[in-house]
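Summary of structural features
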Amino acid sequence: MDQVVGVSHECDFPNQANERPRVTHCPVHNAGLSSREVDEWVRRALRENGTIYAIDEPLLRKLRPDVILTQKLCDVCAVGYGTVAQLAETLPGPPKVVNLEPSSLSDIFDDIRRVAELCDVPERADKVIAELSDRIEGVRRRANRIVHRPRCFLMEWVDPPFCSGHWAPEIVEIAGGYDPLGRKHQPSVQIEWQEVLAARPDVVVLALCGYDINRARRDYAILQHLPDFDNVPAAQSGKVYVVDASAYFARPGPRVVDSLEILAGIVHPTEFPEFVSHGADDPRVVRVG
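Let me sum up the structure you'll find in this document.

Thresholds applied
Residues numbered from 1 in each chain as written. Predicted model: local features only at pLDDT ≥ 70, side-chain atom pairs only at ≥ 80, totals over all residues. Heavy atoms only, no water. Helix = DSSP H or I, 4+ residues; strand = E, 2+ residues; numbered from the N terminus. Buried < 20%, exposed > 50% of the residue type's maximum accessible area, 1.4 Å probe, protein only. Lys, Arg positive; Asp, Glu negative; His and termini not counted. Salt bridge = Lys/Arg side-chain N within 4 Å of Asp/Glu carboxyl O. Contact = heavy atoms within 4.5 Å. Pairing = 2+ DSSP bridges. Phe/Tyr/Trp six-rings, centres within 6.5 Å; stacked < 30°, edge-to-face > 60°. Lys NZ or Arg CZ within 6 Å of the ring centre and 35° of its normal.

Bringing the side chain of Arg255 into the picture now. By the element assignment, Arg255 lies in the loop between strand E9 (240-243) and helix H10 (256-267). One buried charged residue, Arg255, remains without a salt bridge, the closest side chain of opposite sign being Asp12 at 4.6 Å. Among residues more than four places away in sequence, those in contact with Arg255 are Phe13, Ala247 and Tyr248.

This brings us to the pairing of strand E8 (residues 203-206). Taking every second residue as pointing to the same face, both faces of E8 are buried, with Val203 and Val205 on one and Val204 and Leu206 on the other. Both strand E5 (residues 152-155) and E8 contribute to a ladder of four bridges, which runs parallel. The residue of E8 that forms the bridge with Leu154 is Val205. Across three bridges, E8 lies against E9 in parallel orientation. Paired with Val205 across the strands is Tyr241, a residue of E9.

Moving on: the pattern of salt bridges. In this structure the tally under the stated criterion is 17 salt bridges. Measuring nitrogen to oxygen at the nearest pair gives 3.3 Å for the salt bridge that ties Arg113 to Asp110. One end of the pair, Arg113, and the other, Asp110, are both in helix H4 (residues 105-118), three residues apart, so they sit about a helical turn from each other. A residue is classified by how much of its surface remains accessible, and Asp110, at 39% relative accessible area, is partly exposed. Bridged by salt links that share partners, the residues Arg142, Arg145, Glu271 and Glu274 form one connected network.

Turning to the packing of aromatic side chains, a few remarks are in order. In the structure shown here, the tally under the stated rule is three aromatic pairs. Centre to centre, the rings of Trp157 and Tyr211 are 5.5 Å apart; their planes meet at 55 degrees, and the pair counts as tilted. Of the two residues, Trp157 is situated in the loop between E5 and strand E6 (165-166) and Tyr211 in the loop between E8 and helix H8 (213-224); the sequence distance between them amounts to 54 residues. Relative to Phe229, the ring of Tyr220 lies with its centre 6.4 Å away and its plane at 75 degrees, an arrangement referred to as edge-to-face. Of the two residues examined, Tyr220 and Phe229, each falls in the buried class. In this arrangement the basic side chain of Arg255 is found over the ring face of Tyr248, its NZ or CZ atom lying 5.6 Å from the centre.

The following block contains the structure:
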């Protein structure tokens, strides 16, 4: 953190990130819109402007960064690479623009190495990745002993419905589940609610991209009112969960391993009791079904 001079409007971890100047802004961020309104606003903004974010160019010039970390993975998740690269060419230096575009767990680890090398601390990456890999393999070994693999629908948006993508179906697999609607190592997409009904998931996890557990709780009410929701096996058995996707599932960083452990506690609570929800006040995961 002592090398970080600026952050985006969504950077909030670790806590020191909140003390850094914010160089991006998004009008829809904390605007109090419904999920349907957020989706419509994003689609309209991308269609009309090509981006949903604004960069504070004067502040960025003042900060004079040597390196700018950005991404090409998703135009909805952060400022696009092209926008950042174009601006960077006009800045003093100019700063090196580094694209981070992971779609799998191995990609995430590769990016951790890249960032460590850029910051001249490669040994830190080795230590972090070793620790994270040990945790992943610990879950994988225990899950592999379990024959039954529940159908687990990881839902990235409710209104309209979106399936999971990129690394999310992969961590469902490692946790001992199977996401019949997930797009492993590919972008998530909007799907029809009828596809969810046809998939008959045993478990439903609301991991709303970019939003916390309180938003997921509110959107659970929308989910409950979708046609034939009560006929979904997960609803009938009470295995519907909300999670803090902003902190865990939606961010391709070290805490993605926390996401794996959370899923293990959801999918196989008997085998992974240490990861099970602590109740209604658990900030990570709450069973709402």
